[in-house]
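Listed here are the chains, written in short residue letters.
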Amino acid sequence: MAGDGKAPERDLSARGLSAHILPTSATMVGVCMTVLSIGHLAPRGDVRVVIDKLLAVDAIVFLVSAVLSFMSLRPGQSRLRYESWGELLFICGLALLALGAVVLAFVIN
């Protein structure tokens, strides 16, 4: 129903979320890399290796989230699916980053 006025509104709201996730995910990749470098202030040990690997995986999660958000902005039938996956990965990335920050806070003296 092109004349009911709801389709453009739904299209704008879908693009709005992806338009926010895309730059934020890209920024969060940089945050992960920054926290990785701060993590090297911690004493060497098994925990530091775990934090390094956790943040490296987290950077990849944010990168994939950014790519999915970008793909959802492009025209096509799978836009909502890409956006849903991008949003889910973004939330998972935030959770991983928070976990890494908490562990890092307890490791650094």
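Everything discussed here concerns the structure shown above.
From a predicted model like this one, the values you see are computed outputs, not experimental measurements.

Side note on the overall build of the protein
The number of helices and strands found in the protein is 3 helices and 0 strands. Reading the protein from its N terminus to its C terminus gives the helix and strand order α-α-α. Residue pairs at least 24 apart in sequence account for 78% of intrachain contacts in the protein once pairs closer than 6 positions are excluded.

Quick word on helix α3 (residues 79-107)
Counted at 1.5 Å a residue, the expected span for α3 with its 29 residues is 42 Å, and the 42 Å between its end C-alpha atoms agrees. The complete set of buried residues in α3 reads Glu83, Gly86, Phe90, Gly93, Leu97, Gly100, Leu104 and Val107.

Describing a nonpolar patch on the surface
The grouping of Ile60, Leu63, Val64 and Val67 at the surface amounts to a nonpolar patch, some 320 Å² of accessible area in total. Turning to its location among the elements, Ile60 is positioned in helix α2 (residues 46-73).

Rules of the game
- Residues numbered from 1 in each chain as written.
- Predicted model: local features only at pLDDT ≥ 70, side-chain atom pairs only at ≥ 80, totals over all residues.
- Heavy atoms only, no water.
- Helix = DSSP H or I, 4+ residues; strand = E, 2+ residues; numbered from the N terminus.
- Contact = heavy atoms within 4.5 Å.
- Expected span 1.5 Å × (residues − 1).
- Buried < 20%, exposed > 50% of the residue type's maximum accessible area, 1.4 Å probe, protein only.
- Patch = residues over 30% accessible without salt bridge, like charges linked within 9 Å, V, L, I, M, F, W, Y side chains within 5 Å.
- Areas by Shrake-Rupley, 256 points an atom, 1.4 Å probe, with all protein chains shown as cover.
- Salt bridge = Lys/Arg side-chain N within 4 Å of Asp/Glu carboxyl O.

Fair warning: the whole summary comes from geometry, so function is off the table for now.
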